[in-house]
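Secondary and tertiary structure notes
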Amino acid sequence: MTDVAREAGCSQATVSFVLNRSPGIKLSAETRERVIEAARKLGYSAPVLAHVNQQRMAYPTIDGKVGFVVDQLATSPEAVVAIEGARQASWNARNIVLVAQTLNDPVMEPRTIAALVEQGISALVYMAIFTREIQAPDYLRDLDIPVILLNCYTSDHTFPAVVPSEIAGGQRATRYLIEHGHRRIGTITGEPWMEATQDRLKGYRRALATADIPFDPDLVIEGDWSASAGYEATRRLLALDERPTAIFCQNDRTAIGCYEALKEAGLDIPRDISVVGYDDEEISQHLHPQLTTSILPHRAMGHWAIEQLELLEHGDTRRYPITKLECPLIERSSVAPPRARES
């Protein structure tokens, strides 16, 4: 919606009203047509979205309910994005989604899931906010309905599971900098215990190895996903005897702090140092210059989870491979070839 809004010269709210045919909103025909044309131009299926509402009117009876539980909802936009993907896919099938937060509470989580079952859900999507392996509790395994894992998985592959392809994402982000001529590339990681941190760093190292660039541990600075950590880590990178010509920030909030440190040092982005982020949070489009970053595919993961329900039968004893969805790179204005060293 942000991309369509920028192309159409209107707000995200206007785009939402047009594509969802929200009742009671008075918009001119010219504005509606401009939004739909912008969506078409960018490759989105605006006419298909518009027809969803007609389908709902043609089939007023709800066919089913899908439960969606997530350990943390209020603290992260990723959960909301995944829920929206599941909601869209569910509504297309005339199902509704019932959402609950569990906080991994050992008492309240099973009670929450039981309450959703009492509401007549026909399937359950179980989401973790941090990508990780989980030990599925008995109350999840004993459910008499299909269960899909989102952003988590079990070692025995009992449930269909979907996660981001983080190694490939880290590799693609680093390779993009290499393709622009950078060979001294710093990276600021998240917290080391997190799977996303480990996998994005693996991708970074693979890209360097593929390009025959020696790995330099001095160029890897541990962060905690925050802007303040990005600021401090960037200052450490700038203090090296040979500073990097590019920095891969392993999330966009880290990149915000990186931008501040670079500008404070009087350096221009990307003329002096290129910067790449990760996550494609909305703020990345409002930085100056706009941040090149990678999309976390949580919307697509939510959509995928609902699509799998049509393929499942309760009692199926198959082992399911973990599905990994691509983290596409969004090219913006924060990357350029390295500046020639002055003699």
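Just above sits the structure.
Residues numbered from 1 in each chain as written. Predicted model: local features only at pLDDT ≥ 70, side-chain atom pairs only at ≥ 80, totals over all residues. Heavy atoms only, no water.

Details of the sheet that holds strand β2 (residues 95–101)
Operational definition: DSSP bridges decide pairing: two strands pair if at least two such bridges lie between them. Strands are runs of DSSP state E lasting at least two residues, helices are runs of H or I lasting at least four, and both sets are numbered from the N terminus onward. Inter-axis angles, ranging from 0 to 180 degrees, are taken between N-to-C directions of lines fitted to C-alpha atoms, where helices are fitted over the stretch in contact. Between two residues, a contact is recorded if the distance between any of their heavy atoms is within 4.5 Å.
The strand order across the open sheet formed by six strands is β2-β1-β3-β4-β5-β11, and the pairing between neighbours is parallel. Each edge of the open sheet is held by one strand with a lone partner, namely β2 and β11 (322–325). For this sheet, the mean inter-axis angle between neighbouring strands, taken without regard to orientation, is 25 degrees. Bridge count for strand β4 (residues 147–153) against strand β5 (residues 161–164) is two bridges, and the pairing is parallel. Pairing of leucine 149 across the sheet is with alanine 161, part of β5. Where helix α6 (residues 108–118) meets the sheet, it contacts β1 (64–70), β2 and β3 (123–133), and its direction lies at approximately 150 degrees from that of β3.

Quick word on the state of the cysteines
Rules: To count as a disulfide, a pair of cysteine sulfur atoms needs to be within 2.5 Å.
By the definition in use, this model includes zero disulfides. Here cysteine 258 stays unpaired: no disulfide links it, and the sulfur of cysteine 249, its closest cysteine neighbor, is 3.9 Å away.

Considering helix α12 (residues 298–309)
Applicable threshold: Multiplying 1.5 Å by the helix residue count minus one yields the expected span of that helix.
Taking 1.5 Å of rise per residue, twelve residues should cover 16 Å, and α12 covers 17 Å from first to last C-alpha, within 8% of that figure. Against the buried residues of α12 lie β1, α5 (77–92), β3, β4, β5 and β11.

Digging into the pairing of β3
As a reminder, the rule being used: Buried residues are those whose accessible area, probed at 1.4 Å on protein chains only, stays under 20% of the maximum for their type, while exposed residues exceed 50% and partly exposed ones sit between those limits.
For β3, a buried count of eight out of eleven residues is recorded, marking the element as mostly surrounded by other parts of the structure. Bridge count between β1 and β3: five bridges; the pairing is parallel. Looking at β3, one finds that valine 66 is bridged to alanine 123.

Describing the pairing of β1
For the record, the criterion: We call a crossover right-handed when, viewed with the strands running away from us, the connection from the first strand over the helix to the second turns clockwise.
Counting buried residues along β1, six of its seven residues qualify, which places the element largely inside the surrounding structure. When β1 meets β2, the two strands line up parallel, connected through seven bridges. What sits directly across from valine 70, in β2, is glutamine 101. In the classification by handedness, the crossover that spans β1, the intervening α5 and the parallel β2 is right-handed.

Re the nonpolar core
One recurring pattern in soluble globular proteins: nonpolar side chains tend to sit buried together. Rules: Definition used in this section: a nonpolar core is a set of buried Ala, Val, Leu, Ile, Met, Phe, Trp, Tyr and Cys residues joined via side-chain atoms within 4.5 Å.
With 34 residues, the main nonpolar core has Leu177, Ile247, Phe248, Cys249, Leu262 and Val275 as its most contacted residues. Contributing elements (two or more residues each) for this core: α8 (166–179), β6 (185–188), α9 (195–210), α10 (227–238), β8 (246–249), α11 (252–264) and β9 (274–276). Apart from the residues within four sequence positions on either side, cysteine 249 is in contact with Ile188, Thr254, Ala255, Cys258, Val275, Val276, Gly277 and Tyr278. If you look at the next biggest cluster of nonpolar residues, it comprises 24 residues, including Phe68, Val162, Ala305 and Leu312.

A closer look at the sheet that holds β6
Strand order in the open sheet formed by four strands is β7-β6-β8-β9, with parallel pairing between adjacent strands. Edge positions in the sheet fall to β7 (220–221) and β9, since each of these pairs with one other strand and no more. Of the strand pairs in this sheet, β6 and β8 are connected by four bridges, and their pairing is parallel. Counted as the bridge partner of glycine 186 is isoleucine 247 from β8. α9 contacts β6, β7 and β8 of the sheet and is inclined by roughly 175 degrees relative to β6. Its contacts with the sheet put α10 on β6, β7 and β8, and the angle it makes with β6 is roughly 150 degrees.

Some details on the environment of arginine 205
When you line up the elements, arginine 205 lands in helix α9. For arginine 205, a relative accessible area of 44% puts it in the partly exposed group. Distance from arginine 205 to glutamine 171, taken between C-alpha atoms, is 7.5 Å for residues 34 residues apart in sequence.

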